[in-house]
Amino acid sequence: MPAPGAPPAWAVRPVRPAPRVLPSVPREYPQALRGPWFRWWRPLLGLVAIGAGITVVFGAMLLYALVWLVASALGTQLPDPSTVTDAWFVSPAGLLVTNLGLALGIPLALVATWAQARRGGLVSSVLGRVRWRLLLGGLGVSLLLLAPLTVGSSILLAQFGAGADAGSGADDPGLWPLTPASGWLVLALVILLTTPLQAAGEEYFFRGWLTQWIGSLLRWRWVALIVPAVVSAVLFAMAHGAQSPWLFADRLVFGLVASLLVWRTGGLEVAVALHVANNLIAFGLAIAYDGLQDSLLITEVAPSEGAVSIAGTLVTTAVLLWWARRRKPTLVVTDPPPPPPGPPGWTPGAGAAGPVAAAPAAAGPAGAGPAGAGPAGTMTAQHEPVQGETAQGETA
């Protein structure tokens, strides 16, 4: 028989058991998705999301092919997808389509990360968001370094005749006068507006989702740092198609140092900044000397050019690491506490009258609050900041 004043049995809601979670520990960027809610099957969700996104992209291409067939049968002229040439890829329309297509790596990575960990922002940084000061500051530093390094190396290579084998339009006649092609202004506008998205799309896919997906499968810290960096760099270099060993090495080194930047800054921002600056300068010089087709479709470089390019990348990376370290970015993920079981505002054991009121804190010594010292006081847990974390989360 229920006690007097107790709610009837039908009014008492059962206690919902809390889901099983792993201990929450700070994690670096490559293992960001190995959080308290990680299970062995969760990486499969991210892989399925990536596969579904790629299927949608190829489905759109197939749909256009079908629309073209129908339009041709009805006598309507549309661009023929089977007659795409190299010249089309370096036209404003072709460059726009190519850059926006590569930029799809951003939403693909965000959706796949959300599908796996329910925190899509973790692919951007350990704070779950883009740190714009790091991104814009890193872009400025990269441009200030790469611009003189690139021009200086071009002058040096031209003096020794090393640029003749690479087919660079900037090296043969010298750096002056400029020889831009007709329509260069439209090309420059397309590059300025869409190249940052293209570079960010590649970083979000290779150094973002792919790195974290592989890292989520690995338990040991150093293995999770090295294996994703090597795999993503190799796949990144291979994704550029057929190329000579020195050109492959140049892109491989770029992928490796980009992973180093991501690890030592806790996010993609500085790596994206380096990638954007590199592409803007390369495309800008190509437009200035009417060499965009050679720049986009390049398959080989002379050994001296490859070595100089690698050296410039390493110097720029070293300065970026020094610059980013002075900003003290957050380097690890910290998880929010799990929600209590049951509906919001409900305490286990509450009846129809509503949640059970919290008991007043015991009185402590004079002048002490609820967290006063002594057995009667209520202790408050103190959070010890991990390395790289401040009270505000990030120091500008």
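Quick summary incoming for the structure in this document. Everything numeric in this text was worked out from a predicted model, so none of it was measured. (Residues numbered from 1 in each chain as written. Predicted model: local features only at pLDDT ≥ 70, side-chain atom pairs only at ≥ 80, totals over all residues. Heavy atoms only, no water.)

Next up on the list: the side chain of Ser244. Along the polypeptide, Ser244 turns up in the loop between helix 7 (221-238) and helix 8 (245-265). Residue class for Ser244 comes out buried when judged on its relative accessible area of 13%. With residues up to four places along the chain from it excluded, the contact list for Ser244 reads Thr299, Glu300 and Val301. (Helix = DSSP H or I, 4+ residues; strand = E, 2+ residues; numbered from the N terminus. Buried < 20%, exposed > 50% of the residue type's maximum accessible area, 1.4 Å probe, protein only. Contact = heavy atoms within 4.5 Å.)

Between its first and last C-alpha atoms helix 1 (residues 42-73) spans 47 Å; for 32 residues at 1.5 Å apiece the expected length is 46 Å, and the two agree. Buried residues of helix 1: Arg42, Pro43, Gly46, Ala49, Ile50, Gly53 and Ala71, and no others. Where helix 1 is buried, its residues meet helix 4 (105-117) and helix 6 (184-216). Looking one or two residues beyond helix 1, the residue adopting positive phi is Gly75, at roughly 85°. (Expected span 1.5 Å × (residues − 1).)

Applying the stated rule across the entire model yields six aromatic pairs. Relative to Phe206, the ring of Phe205 lies with its centre 5.2 Å away and its plane at 80°, an arrangement referred to as edge-to-face. Taken together, the ring pairs in this structure connect Phe205, Phe206, Trp209, Trp213, Phe236 and Phe254 into an aromatic cluster. The side chain of Arg118 reaches across the aromatic face of Trp114, ending 4.5 Å from its centre. Above the ring of Phe236, the side-chain terminus of Arg207 is found at 4.4 Å from the ring centroid. (Phe/Tyr/Trp six-rings, centres within 6.5 Å; stacked < 30°, edge-to-face > 60°. Lys NZ or Arg CZ within 6 Å of the ring centre and 35° of its normal.)

We now examine the environment of Met238. With respect to the secondary-structure elements, Met238 resides in helix 7. Between the C-alpha atom of Met238 and that of Phe248, which follows or precedes it by 10 residues, the distance is 7.6 Å. Ignoring any residue separated from it by four or fewer positions in sequence, one finds Met238 in contact with Gln243 and Phe248.

In this section: the pattern of salt bridges. Within the structure shown, the criterion is met by five salt bridges. Where Arg221 meets Glu28, a salt bridge forms, and the shortest distance between an N and an O atom there is 2.6 Å. Placement of Arg221 in helix 7 and of Glu28 in strand 1 (residues 27-28) is noted, with a sequence separation of 193 residues between them. Measuring nitrogen to oxygen at the nearest pair gives 2.8 Å for the salt bridge that ties Glu269 to Arg131. Here Glu269 is found in helix 9 (residues 269-288), whereas its partner Arg131 is found in the loop between helix 4 and helix 5 (132-159), with 138 residues between them in sequence. Residue Glu269 is classed as buried on the basis of its relative accessible area of 4%. (Salt bridge = Lys/Arg side-chain N within 4 Å of Asp/Glu carboxyl O.)

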